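This is what each chain is made of:
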Protein chains: 2
Amino acid sequence: MSDENKHLRYERQAEIAKAIGHPLRVAIIDFLKDGEQCVCDIAQHAGSERSNISRHLSVMVRAGILGYRKEGLKVIYKLKTPCILDFFSCVAVVIKQQVKESEKLLKSM
Amino acid sequence: MSDENKHLRYERQAEIAKAIGHPLRVAIIDFLKDGEQCVCDIAQHAGSERSNISRHLSVMVRAGILGYRKEGLKVIYKLKTPCILDFFSCVAVVIKQQVKESEKLLKSM
DNA sequence: TGATTATATGGCAATATACTCACATATTAC
DNA sequence: GTAATATGTGAGTATATTGCCATATAATCA
């Protein structure tokens, strides 16, 4: 792969990671894992203003991880690539590893 | 899981995703996938100043995705949780999906 | 000891991001 | 047509991130 292509790929990967990298957006992804939801319900569940949620949703749509469809007055968002959820299991690995290290540190005191 | 725990988990997950969410940091992770490297080599490979790379590395260490050891003058960084790399294959899925959509759009014109 | 090398960090300016409020748009029902 | 509802967006402020430079720290070697 050329350096320029690599650079583009890194930009793209970073954009996707950044689109996940906010507590509210993680909460939204977690909420959408069981099925599509309208903005109103997402806002209610995440506990934030609709306008704010709307912006966070558009960030994730732009990054390519969410899709949406309109149904009457409502706009229904859904996870486009559920493999995003695998990332969360890796996060669990990271956290477990940190717990293990803390325990090791504690034992050596 | 309690709401408070959920909130903490979301924060933690977001922190880790954010730690990946920068082109230089993606480049660093990609460089480290084949083994540990010193700051000097990482900086050279990523094409940025050492001071800048040093900061990016500390972001990832804080998030728990990198570890390091000192060896003489050098500090050697390594991927702590290679499952982070699985995230990149999901990114590939996201990108492929977008290509597919663009093609569909093109055909309909 | 002093010189050299590798890395980390404080300070600063530029830029990007997040949140809130008000308003615009779009769809439905009457 | 108007009213009501759901969503999106512009503007402004607050805060965070980034990159660069100068400098601090730490390890090695003469």
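Cut-offs applied
Residues numbered from 1 in each chain as written. Chains lettered and ligands numbered in written order. Predicted model: local features only at pLDDT ≥ 70, side-chain atom pairs only at ≥ 80, totals over all residues. Heavy atoms only, no water. pLDDT = per-residue confidence, 0-100. Helix = DSSP H or I, 4+ residues; strand = E, 2+ residues; numbered from the N terminus. Contact = heavy atoms within 4.5 Å. Buried area = accessible area lost by both parts, 1.4 Å probe. Salt bridge = Lys/Arg side-chain N within 4 Å of Asp/Glu carboxyl O. Nonpolar A, V, L, I, M, F, W, Y, C, P; charged D, E, K, R; others polar. Pairing = 2+ DSSP bridges. Near = heavy atom within 4 Å. Polar contact = N/O pair within 3.5 Å; in protein donor to acceptor, adjacent residues only side chain to side chain. Axes fitted to C-alpha atoms, helices over the stretch in contact; angles between N-to-C directions. Parallel < 35°, antiparallel > 145°, perpendicular 65-115°, else oblique. Left-handed = near helix turned anticlockwise from the far one by under 90°. Least-squares fit on C-alpha atoms with pLDDT ≥ 70 in both.

## Section: the confidence of the model for chain A
- Across chain A, pLDDT averages 92, with 100% of residues at or above 70.
- Summarising per-element confidence for chain A, the mean pLDDT is lowest in helix α5 (residues 84-107) of chain A (83) and highest in strand β1 (residues 37-38) of chain A (98).

## Regarding the interface of chain B and chain A
- Contact residues are listed per partner, giving 35 residues for chain B and 35 residues for chain A.
- Counting each side, the surface lost to burial between chain B and chain A is near 3100 Å², with a carbon and sulfur contribution of 70%.
- Its largest share of buried area at the contact with chain A, chain B owes to Y10, Q13 and F87 of chain B, together 18% of the area lost on that side.
- Counting the contacts that link chain B with chain A gives four salt bridges.
- Residue D30 of chain B pairs with R9 of chain A through a salt bridge whose shortest N-O separation is 3.9 Å.
- The set of elements that each furnish at least two residues to the side of chain B that touches chain A consists of α1 (3-20), α2 (23-32), α4 (50-63) and α5 (84-107) of chain B.
- Here the side of chain B that touches chain A is built from residues that sort into 19 nonpolar, seven polar and nine charged.

## Some remarks on the pairing of strand β3 (residues 74-79) of chain B
All names here are of chain B.
- Bridging between strand β1 (residues 37-38) and β3 involves two bridges; their strand directions are antiparallel. By the bridge assignment for β3, C38 is matched with I76.
- Direction of pairing for strand β2 (residues 66-71) relative to β3: antiparallel, over a ladder of six bridges. Of the residues in β3, the one forming a bridge with E71 is K74.
- Counted along the chain from β2 to the antiparallel partner β3, the turn is two residues long, and its residue G72 has a positive phi close to 65°.

## Structural notes on the protein's contact with DNA strand D
- Taken together, 21 residues lie near DNA strand D, and C40, S54, R55 and Y77 of chain A together with H56 of chain B sit nearest.
- Backbone atoms, meaning sugar plus phosphate, form 65% of the atoms of DNA strand D positioned within 4 Å of the protein.
- R25 of chain B places a polar side-chain atom, nitrogen or oxygen, 3.2 Å from a phosphate oxygen of DNA strand D.
- Contacts to DNA strand D include N52 of chain B, whose side-chain N or O atom sits 3.2 Å from a phosphate oxygen.
- Among the elements of the structure, α3 (39-46), α4 (50-63) and β3 (74-79) of chain A together with α4 of chain B are those that each provide at least two residues to the surface near DNA strand D.
- Here the residues of the surface near DNA strand D are counted per class, giving seven nonpolar, seven polar and seven charged.

## A few points about the protein's contact with DNA strand C
- Lining the immediate environment of DNA strand C, one finds 21 residues, of which H56 of chain A together with C40, S54, R55 and Y77 of chain B sit closest.
- Atoms of DNA strand C within 4 Å of the protein: sugar and phosphate make up 64%, bases the balance.
- Interatomic distance of 3.1 Å between a side-chain N/O atom of R55 of chain A and a base oxygen of DNA strand C.
- Secondary-structure elements contributing two or more residues to the surface near DNA strand C are α4 of chain A together with α3 (39-46), α4 and β3 of chain B.
- Here the residues of the surface near DNA strand C are counted per class, giving seven nonpolar, seven polar and seven charged.

## Topic: the packing of helix α2 (residues 23-32) of chain A against α3 of chain A
Residue and element names in this part refer to chain A.
- At their nearest, the axes of α2 and α3 sit 10 Å apart, and the two run at 120° to each other. Comparing their axes, α3 and α2 come out oblique. The handedness of the crossing between α2 and α3 is right-handed. Of α3, the residues touching α2 (which contributes L24, I28, F31 and L32) are D41, I42, H45 and A46.
- Its residues assigned to classes, the contact of α2 with α3 shows six nonpolar, one polar and one charged.

## Quick look at the relation of the copies chain B and chain A
- With an RMSD of 0.1 Å, chain B superimposes on chain A once it is rotated by 180° and translated 0.0 Å along the axis. Expressed as an axis order, the relation between the two copies is that of a two-fold axis.
- A shared interface surface links the copies, since 100% of the contact residues of chain B are contact residues in chain A too.

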